[in-house]
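# Residue-level structural notes
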Amino acid sequence: MNTIKGVPSQGLFGATLGFFAGFAAVSLFGPTASRFNEILHLDPVLVGLLIAIPSLSGSLLRIPFGAWVDSTGGRKPFLILLWLAVAGMAGLLGTVYFLYPQNLSAGVYPLLLFLGFLSGCGIATFSVGIGQVSYWFPQSRQGAALGAYAGLGNLAPGLFSFLLPVVLGSWGLAGAYLAWLLFLLAGTLIYQFIGRNAWYFQLKQQGLAEETARARAGEMGQQIYPCGNARQSLVNAAKIWQTWLLVAIYFTTFGGFIAMTAWLPTYWKEFFGLEAVTAGGLTALYSLTASIIRVLGGGLSDRLGGEKTAILSLLITLAGAAIMSISTVLPFSLLGVVLMALGMGAANAAVFKLMPQYVPQAVGGAAGWIGGLGAFGGFAIPPILGAFVRAQGVQGYASGFITFVVLAGLAIGIAFVLKQTHQRKAQMSIKRLPS
């Protein structure tokens, strides 16, 4: 007799814990890359590449690994990414322990890039978890489930930003890498023990025929199923035009979230002259607020609908960005930052409420495209903000937020298109009903 393991709550918990742990390497490598530069004296471009390499790999790998979920259910790609991140972190610990600072030389730079790339695999788990959780839950509960997954998982950067200065001061660079490696290793082992694929994938792995597996899984409550392998999933998702509209919104909201997290420490220090610790604390306030509201935004999306939630959230984001673009006083800027955190966090939840609604047959592929390409906003937006500073001096730190006003305005228009499409589809469904 075929046996299956796990329930939706366990699937959600395992994926959330794995994603949270996967953030460990990136949250440590970027802030400590400056320590390597103090010895290597790198060109600014090389420093930027070193800082960005985990985030770059974490974004690019979301696309193929997210699509792979539609073939395997998520557990296998999740574990591969986490163990690659463990290997990267272990390599960085060895490099720091044996070479830093006396024996660190320019020849080590390619090795640091490679290990940083491996470490970034931990955050590529995001799109894997999105697909894995989506298959566990019915559509009526996916907003809350995906909001909890992404919101709680995204708490990691804010929490780690509080802990990192304390750990570095007490244990040093090697001690910090050891602590973060142990945390990542513990999270990986726990996920390996409790992480579960949705019922359909377990039944298929046990050799059941397609229709039988779907029927059995449907009896237990599973509602959506994949169509094809990883490549087909990416192709199928790409053929659905709503996928690209969701990519555009996510570029503004999650890409904007990454950009804000990277930009705010400099903004607070240069524009208001705050100390580094205070600037880091205010940045953590933004990060934590956006992550927590993402959890609540998922439930709101289930009640209001993803389109309405996205429009409302983006309007709040636009208002916050408009305030930031004209503010020259700290309290006013704090208000703007909090509004942007609330709007971006809730909009991120709305996007992944809409994803299985519009692309139910290729959830993994859609999660890959949206999570991977959307995250590139984190790399595209900061140079634009920097261009405002270069052109206008210190005042450019404020006026640069016009960038977010424009992006939010465009995203609102896109969300309205989705809303109108959804309404027309609902009206056509009603007309087809027999009288």
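Every chain begins its residue count from 1, and numbering advances along the sequence as written. Reporting of local features is limited, given that this is a predicted model, to residues whose pLDDT is at least 70; pairs of side-chain atoms are given and counted only at 80 or more, and all residues count toward the totals for whole chains, interfaces and linings. Excluding hydrogens and water, the side-chain figures rest on all heavy atoms present in the structure.

## Observations regarding the overall build of the protein chain
A run of H or I in DSSP becomes a helix once it reaches four residues, and a run of E becomes a strand once it reaches two; helices and strands are each numbered from the N terminus. A tally of helices and strands in the protein chain yields 20 helices and 0 strands. In summary, the protein chain has a C-alpha radius of gyration of 22 Å against a globular reference of 22 Å for 435 residues, a match within 12%. Seen through its principal axes, the protein chain has C-alpha atoms that stretch 70 × 50 × 30 Å. Across the 435 residues that make up the protein chain, the buried fraction comes to 55%. Two residues form a contact once any of their heavy atoms are found within 4.5 Å. Taking the contacts inside the protein chain whose residues are at least 6 apart along the sequence as the reference set, 82% of them involve residues at least 24 apart. Reported accessibility uses the Shrake-Rupley method at a 1.4 Å probe radius. Residues are deemed covered only where the shown protein chains occlude them. Working note: accessible area of the protein chain is about 17,300 Å², and carbon and sulfur atoms make up 69% of it. For the protein chain, the distance from the average position of its 23 positive side-chain charges to the average position of its 10 negative side-chain charges is 9 Å. The globule rule used for comparison is 2.2 Å times the number of residues to the exponent 0.38, while the radius of gyration itself is calculated over C-alpha atoms. For every residue, the accessible area (1.4 Å probe, protein chains only) is compared with the maximum for its type, and the residue is labelled buried under 20%, exposed over 50%, or partly exposed between those bounds. Neither His nor the chain ends is counted toward charge; the positive residues are Lys and Arg and the negative residues Asp and Glu. Where a charge lies is defined by one atom per residue type: Lys uses NZ, Arg uses CZ, Asp uses CG and Glu uses CD.

## Some remarks on empty space enclosed by the protein
Both cavities and pockets are sets of points on a 1 Å grid over the protein atoms alone; in a cavity a 1.4 Å probe fits but cannot get out, in a pocket the set is open with protein on both sides within 12 Å along at least five of seven lines, and lining residues sit with an atom within 4 Å of a point. Grid points are joined across faces, edges and corners, and a volume is the space filled by probe spheres set on the points. Summed over the entire model, instances satisfying the criterion amount to 1 cavity of 30 Å³ or more. In this model, the largest cavity occupies a volume close to 30 Å³. Lining the largest cavity we find N154, F254, F257, A290, S291, R294 and N348. For the lining of the largest cavity, the element with the most residues is helix α14 (residues 276-304), which contributes 3 residues.

## Things to note about the environment of Q192
Along the chain, Q192 turns up in helix α9 (residues 155-194). Linking Q192 and R294, residues 102 residues apart in sequence, is a C-alpha distance of 26 Å. If near-sequence neighbours (up to four positions away) are discounted, Q192 is found in contact with R75, L79 and W83.

## What about the packing of helix α13 (residues 241-272) against helix α17 (residues 363-374)?
Axes, fitted as lines to C-alpha atoms, cover a helix only where it is in contact. Angles between the N-to-C directions of the axes lie from 0 to 180 degrees. Interaxial distance between α13 and α17 falls to 8 Å at its minimum, and their mutual angle equals 35 degrees. In this structure, α13 crosses over α17, and the sense of that crossing is right-handed. When α13 is examined against α17, the residues T243, W244, L246, V247, Y250, F251 and G255 are found in contact with a partner set consisting of W369, I370, G371, L373 and G374. Crossings are classed by handedness, with left-handed meaning an anticlockwise turn of the near helix from the far one by less than a right angle and right-handed meaning a clockwise turn.

## Considering the confidence of the model for the protein chain
A residue-level look at the protein chain finds 97% of positions with pLDDT of 70 or above and a mean pLDDT of 89. Across the chain, each position has a pLDDT score giving the predictor's confidence in that residue, from 0 to 100. Looking at the elements of the protein chain, mean pLDDT is at its lowest for helix α2 (residues 24-40), recorded as 77, and at its highest for helix α15 (residues 306-326), recorded as 97.

## A closer look at the layout of surface pockets
One number sums up the size of the largest pocket: a volume of about 1,800 Å³. Lining the largest pocket are 49 residues, with G30, P31, T261, A262 and P265 positioned closest to its centre. The set of elements that each furnish at least two residues to the lining of the largest pocket consists of α2, α3 (44-60), α9, α13, α14 and α18 (377-392). With 9 residues, α13 is the single largest residue contributor to the lining of the largest pocket. Considered class by class, the residues forming the lining of the largest pocket number 27 nonpolar, 18 polar and 4 charged. Looking at the second largest pocket, its volume works out to about 350 Å³. Considering the residues around the second largest pocket, the lining is formed by 18 residues, among which S71, T72, N197, F201 and Q205 are closest to the centre. Of all the elements in the fold, those that place two or more residues in the lining of the second largest pocket are α4 (62-72), α5 (75-99), α10 (199-205) and α11 (210-220). The greatest single-element share of the lining of the second largest pocket, amounting to 5 residues, is contributed by α10. As a working rule, the residues Ala, Val, Leu, Ile, Met, Phe, Trp, Tyr, Cys and Pro are called nonpolar, Asp, Glu, Lys and Arg charged, and the rest polar, with Gly in that last group. Here the lining of the second largest pocket is composed, by residue class, of 3 nonpolar, 7 polar and 8 charged.

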